Amino acid sequence: MKKIRVKLKKNSYDIVFAKGGLSRVGKRIRPLVKGKNAMIVTDDNVARLYLDTLRRSLEKQGFNVFEKVVASGEQSKTAETYLEIIDALGRAEFLRDDTVVALGGGVVGDMAGFAAATYMRGINLVQVPTSLLAMIDSSIGGKVGVDLIYGKNLLGAFYQPKLVFVDVATLKTLPEREWQNGLGEGLKYAILEGGRLFDIVNGETVNEDLEEFVSLCAAYKAKIVEQDEREAGPRRLLNLGHTLGHAIEKKSGFEIPHGEAVKYGLKLVLQASKRLEGADADDLNRALDMLAKYGADCPYGANELLSLARNDKKAEDEGINAVFVKKIGECFVKKTDFEEFNRLFD
Ligand SMILES: NC(=O)c1ccc[n+]([C@@H]2O[C@H](COP(=O)([O-])OP(=O)(O)OC[C@H]3O[C@@H](n4cnc5c(N)ncnc54)[C@H](O)[C@@H]3O)[C@@H](O)[C@H]2O)c1
């Protein structure tokens, strides 16, 4: 069983990788929390597949187990559903030492996490991510929250879990579209980190080396979170491919899913990076060749996306903080004014 320690100033925690180990989650949680009650929050798709196994695992450790099943999809990630979870916790008389267990993708993780962060000013939270995106991204780093009609993730908090438990065997049932969504982020980590992670994606052995791939991505995110818990500096690197990625999503009327848009955004940013001084052209070409294996042919030219990128909320008044690539494994944030941004991407 592989373990990554996320070392923070306060509230450090482990990410545990146990392929096929979902029935052993309870055993891992028991020593970490005092309370007897556990509320599993999940969505209807994931409930059908994995709720019983998780419930039994917690019951075996003496937990009184409660369940809150929400409808699947981003449209559930609302203040209303969040209040339903809070209501369920109140009704079951949860106390400070009790535990919320988020079983599912990023929607459930973010929303259940926000409920755990705010009920009684914070109770125990355990993340059991079941989508690729949740395993390598959303379950790590403590960003929790829900959407408002004015925008995504507007109501939220930073709140660290007591444990993240990853069973990559659950990915067997993940729909292809959702797999692709997570993979876009995985390709991003490969360019940020280089090394073995790049070799896995470049060699197209993600499926064979699945647990290693997931754990290397998670380790990269954990490393960045350790350096920058509140997103003031290095965490911005995680936006690699996202400035134009968001523009691509918007341009397509959200027909192109996030992960795919990130993949296209990565291609455009690699091309733009070649124009910067000090860029390692051979390495950037290697990264572009790697992306080509995953079909990163953006349907739009960069020039069609620039005005949308300029309107992105991450574009501040005086320019855009975009992430560029010097070589595989070395990326940097560069503030570009709009003129330079246009020149680099045009
Ligand atoms: N907190 C963060 O740092 C952070 C980072 C990135 C994204 N996010 C958030 O994550 C959310 C997206 O997460 P997501 O892509 O996991 O979406 P999701 O939670 O909607 O899950 C995607 C779909 O896959 C299904 N699913 C999940 N695991 C499954 C499995 N093992 N087998 C079968 N079906 C399964 C779900 O029911 C859902 O229909 C967004 O709301 C986004 O804002 C948060």
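Rules used throughout
Residues numbered from 1 in each chain as written. Predicted model: local features only at pLDDT ≥ 70, side-chain atom pairs only at ≥ 80, totals over all residues. Heavy atoms only, no water. Near = heavy atom within 4 Å. Polar contact = N/O pair within 3.5 Å; in protein donor to acceptor, adjacent residues only side chain to side chain. Helix = DSSP H or I, 4+ residues; strand = E, 2+ residues; numbered from the N terminus. Nonpolar A, V, L, I, M, F, W, Y, C, P; charged D, E, K, R; others polar. Contact = heavy atoms within 4.5 Å. Domains from an automatic or database assignment. Buried area = accessible area lost by both parts, 1.4 Å probe. Salt bridge = Lys/Arg side-chain N within 4 Å of Asp/Glu carboxyl O. Buried < 20%, exposed > 50% of the residue type's maximum accessible area, 1.4 Å probe, protein only. Arc of directions from axis to C-beta. Pairing = 2+ DSSP bridges. Axes fitted to C-alpha atoms, helices over the stretch in contact; angles between N-to-C directions.

Draft legend 1. Spotlight on the site of the ligand. Surveying the vicinity of the ligand reveals 26 residues, the closest of which are Asp43, Glu74, Thr130, Ser131 and Thr173. Between serine 131 and the ligand, the recorded distance is 2.6 Å, taken from a side-chain N or O atom to an oxygen atom. One nitrogen or oxygen atom from the side chain of threonine 173 is found 2.7 Å from a nitrogen atom belonging to the ligand. Sorting elements by how many residues they give to the shell around the ligand places helix H2 (residues 44–60) first, with four residues. A per-class count over the shell around the ligand returns seven nonpolar, 10 polar and nine charged.

Draft legend 2. Seen up close, the environment of tyrosine 50. By secondary structure assignment, the location of tyrosine 50 is in helix H2. Separated by 225 residues in sequence, tyrosine 50 and arginine 275 have C-alpha atoms that sit 48 Å apart. With near-sequence residues (within four places) excluded, tyrosine 50 lies in contact with Leu22, Leu103, Ala169, Thr170 and Thr173. A polar contact is formed between the side chain of tyrosine 50 and the side chain of threonine 173, at a distance of 2.6 Å.

Draft legend 3. Here's a closer look at the domain arrangement of the protein chain. Domain annotation of the protein chain identifies domain 1 (2–174) and domain 2 (177–345). Across the boundary between the two partners, domain 1 contributes 25 residues, which contact 24 residues of domain 2. Of the roughly 2200 Å² buried where domain 1 meets domain 2, counting both sides, 68% is carbon and sulfur surface. Across the domain 1-domain 2 interface, the total number found is one salt bridge. A salt bridge links aspartate 137 to lysine 221; its shortest N-O distance comes to 2.7 Å. When residues of the side of domain 1 that touches domain 2 are traced back to their parent elements, those giving at least two are strand S1 (2–6), strand S2 (13–17) and helix H5 (132–138). Residues of the side of domain 1 that touches domain 2, tallied by class, amount to 16 nonpolar, two polar and seven charged.

Draft legend 4. Looking closely at helix H13 (residues 338–345). Restricting attention to buried positions, one finds in H13 the residues Phe338, Glu340, Phe341, Leu344 and Phe345. For H13, the angular spread of buried residues about the axis comes to 160°, placing them on one side. Opposite the buried face of H13, by more than 90 degrees, sit the exposed residues Glu339 and Arg343.

Draft legend 5. The arrangement of the sheet that holds strand S3 (residues 37–43) in detail. Across the sheet, seven strands lie side by side as S1-S2-S9-S6-S5-S3-S4; this open sheet has mixed pairing. Each having just a single partner strand, S1 and strand S4 (64–70) make up the two edges of the open sheet. Each neighbouring strand pair of the sheet contributes to a mean axis angle of 20°, computed without reference to strand direction. Across two bridges, strand S6 (residues 124–129) lies against strand S9 (residues 163–166) in parallel orientation. Across the sheet, residue valine 126 finds its bridge partner in S9, namely leucine 163. In the packing of helix H4 (residues 106–118) onto the sheet, the strands contacted are S3, S4, strand S5 (99–104) and S6, and the crossing angle to S5 comes to about 170°. The sheet strands contacting helix H8 (residues 210–227) are S1, S2 and S9, and the helix crosses S1 at an angle near 10°.

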